[in-house]
Amino acid sequence: MILERIAISGLRNINYLEIRAHPSLNWVTGVNGAGKTSFLEAIYLISRGRGYRGRKHGPLLGTGREFLEVSALLRSPEDDGPLTRLKMTQSHDDSRFHENGQAVSGIQYLRRRFHVRLIADNSQQLLEGQPGLRRLFLDWNLFHVEPGYGRILAEFRRVLGQRNAWLRSGARGHAVWDADYCRLAETLTQSRSRFLESLDGILRATAIAEEFSVSLGIEFRSGWPVKMNLRNLLSESLKEDRDRGFTFYGPPRADFSVCSHDRKALPSRGQTKSLVFLLQLAAQRYWLNVGGPPCIWLLDDLGAELDTLSMRSILQAITSLPGQAFITAVACPGEIPKGYAGGAMFHVERGAIIG
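Residue numbering note: each chain is counted from 1, following its sequence as written. Note on the predicted model: pLDDT of at least 70 is required for a residue's local features to be given, and 80 or more for side-chain atom pairs to be given and counted; whole-chain, interface and lining totals, by contrast, use all residues. Side-chain numbers here rest on the full set of heavy atoms in the structure, without hydrogens or water.

### Things to note about the layout of surface pockets
In this approach the atoms are scanned with a rolling probe the size of a water molecule, which exposes any empty space left behind.
So, point 1. With a 1 Å grid spanning the protein atoms alone, the term cavity applies to any set of points in which a 1.4 Å probe fits but cannot get out, the term pocket to an open set with protein on both sides within 12 Å along at least five of seven lines, and the term lining residue to any residue with an atom within 4 Å of a point. Grid points are joined across faces, edges and corners, and a volume is the space filled by probe spheres set on the points. Taken as a whole, the largest pocket encloses approximately 860 Å³ of empty space.
So, point 2. Lining the largest pocket are 29 residues, with Y44, R48, R50, L136 and F137 sitting closest to its centre.
So, point 3. Looking at the lining of the largest pocket, the elements with two or more residues in it are helix 1 (36–48), strand 8 (116–119), helix 3 (125–128), helix 4 (131–145), helix 5 (149–168) and helix 9 (269–289).
So, point 4. When residues of the lining of the largest pocket are assigned to their parent elements, the largest contribution, eight residues, is made by helix 4. In DSSP terms, a helix is any run of H or I states spanning at least four residues, a strand is any run of E spanning at least two, and both are numbered starting from the N terminus.

### Things to note about the nonpolar core
So, point 1. Among the nonpolar cores identified, the biggest contains 59 residues, and F137, F195, L199, V258, L279 and W297 are the most heavily contacted of them.
So, point 2. The greatest single-element share of this core, amounting to 11 residues, is contributed by helix 6 (residues 178–209).
So, point 3. Setting aside its immediate chain neighbours within four residues, L199 contacts F137, I218, L279, A282, A283 and Y286.
So, point 4. Definition used in this section: a nonpolar core is a set of buried Ala, Val, Leu, Ile, Met, Phe, Trp, Tyr and Cys residues joined via side-chain atoms within 4.5 Å. Partly exposed describes any residue whose relative accessible area lies between the buried limit of under 20% and the exposed limit of over 50%, with all areas from a 1.4 Å probe on protein chains only and scaled to the type maximum. One finds A21, F39, A72 and A344 within the second-largest nonpolar core, a separate group that totals 39 residues. Any two residues having at least one pair of non-hydrogen atoms within 4.5 Å are treated as being in contact.

### Overview of the side chain of E41
So, point 1. Looking at the element boundaries, E41 is found in helix 1.
So, point 2. Taking the relative accessible area as the measure of exposure, E41 reaches 1% and is therefore buried.
So, point 3. If sequence neighbours within four positions are ignored, E41 has contacts with L11, R12, G51, Y52, R53 and L60.

### Examining the pairing of strand 3 (residues 25–30)
So, point 1. Of all the six residues making up strand 3, six are buried; the element is thus mostly covered by neighbouring parts of the structure.
So, point 2. Judged by which residues are buried, strand 3 turns out to be covered on both faces: L25, W27 and T29 on one side and N26, V28 and G30 on the other are all buried.
So, point 3. Sheet topology note: the strand 3/strand 13 (residues 323–330) ladder contains six bridges and is parallel. Considered in strand 13, the bridge of G30 is made with V330.
So, point 4. The pairing of strand 3 with strand 14 (residues 344–349) spans four bridges and is parallel. When the sheet's bridge partners are listed, N26 is paired in strand 14 with A344. At least two DSSP bridges between two strands are required for those strands to pair.

### As for the environment of S47
So, point 1. As for its position among the elements, S47 is in helix 1.
So, point 2. For S47, a relative accessible area of 2% puts it in the buried group.
So, point 3. Separated by 191 residues in sequence, S47 and L238 place their C-alpha atoms 41 Å apart.
So, point 4. Those residues in contact with S47, other than ones at most four positions away along the chain, are I107, R111, F114, H115 and V116.

Bear in mind that shape data such as this cannot, by itself, settle questions of function.
Below, the structure written as structure tokens:
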């Protein structure tokens with residue numbers, strides 16, 4: 001689906017903002033604090049049901065406002081394709097979601113309509129942050145392209161919760177949850193491993209095609225020693241698990257790293273930003289290879305920490321794929337932003353479009 005129009009009110013410093021988007025590149029310019037990032041966050045919000053900047057930037061609801069609303073009009077890439085209207089409202093008490101005027105029970109009913117990939121100032125956390133972020137990356141990508149993955153993941157979490165409750169209660173009696181835990185853990189791990197194996201090949205080829213300066217590779221860690229039987233590990237670590245009150249070995253400890261010459265790649269922020277983009281680009285190409293959907297790219301302050309050549313390479317890669325991009329850049333009214341490569345331009349001041 002292509003985002004044809006979006007309207008935002010009450011989100012952070014945005015009073016009301018509406019644009020009709022270009023089907024390919026959209027540039028949102030303005031000075032710092034004008035509302036550019038809040039605009040991107042609105043697109044992310046209606047796709048994921050949550051913001052991406054965290055609590056340090058304050059509440060999503062703007063000061064003195066009782067609710068926020070994000071409305072989006074989507075259309076199929078075909079000229080005569082159907083239109084879909086999505087709406088999310090959020091107050092201090094709850095969030096509500098609508099599709100084509102009908103209330104739906106949660107964001108999961110809207111998530112499949114369009115998908116976003118984000119490159120922002122905190123994107124390096126995907127590589128440098130906690131392992132949970134990388135597991136989320138794995139599960140989000142697999143959920144949307146591997147049939148049944150979401151069901152298996154939900155079932156695993158249910159069994160894990162029951163086993164942990166059993167551990168906290170003293171682990172008395174037979175370990176009834178171990179067989180299901182191991183079966184589901186191995187199924188999830190096989191899916192994750194296959195995905196990363198495919199991603200590894202695509203990432204290497206992408207790095208070469210984009211003339212990246214180093215050779216890259218992905219290393220996967222399943223969450224338990226590869227040569228050990230998980231069922232045996234659970235039995236051997238039962239006392240320690242009981243003392244901890246949770247299951248130590250398994251998919252909740254899985255992780256992966258992107259490496260160069262057997263070391264974690266690229267220490268500088270600019271290089272790490274480029275690497276996160278390459279990883280997301282490789283994941284999107286994997287989606288397309290298996291018949292998955294296009295996505296909308298959200299590139300926040302793309303010019304920060306990147307030179308013009310790197311920006312040009314990123315934009316060329318994005319425009320070679322189906323889908324859209326929304327790019328923010330620091331620029332004054334009438335000024336062409338750094339790296340501009342065609343498409344629509346919208347200038348934001350004080351949370352409103354002025355041009």
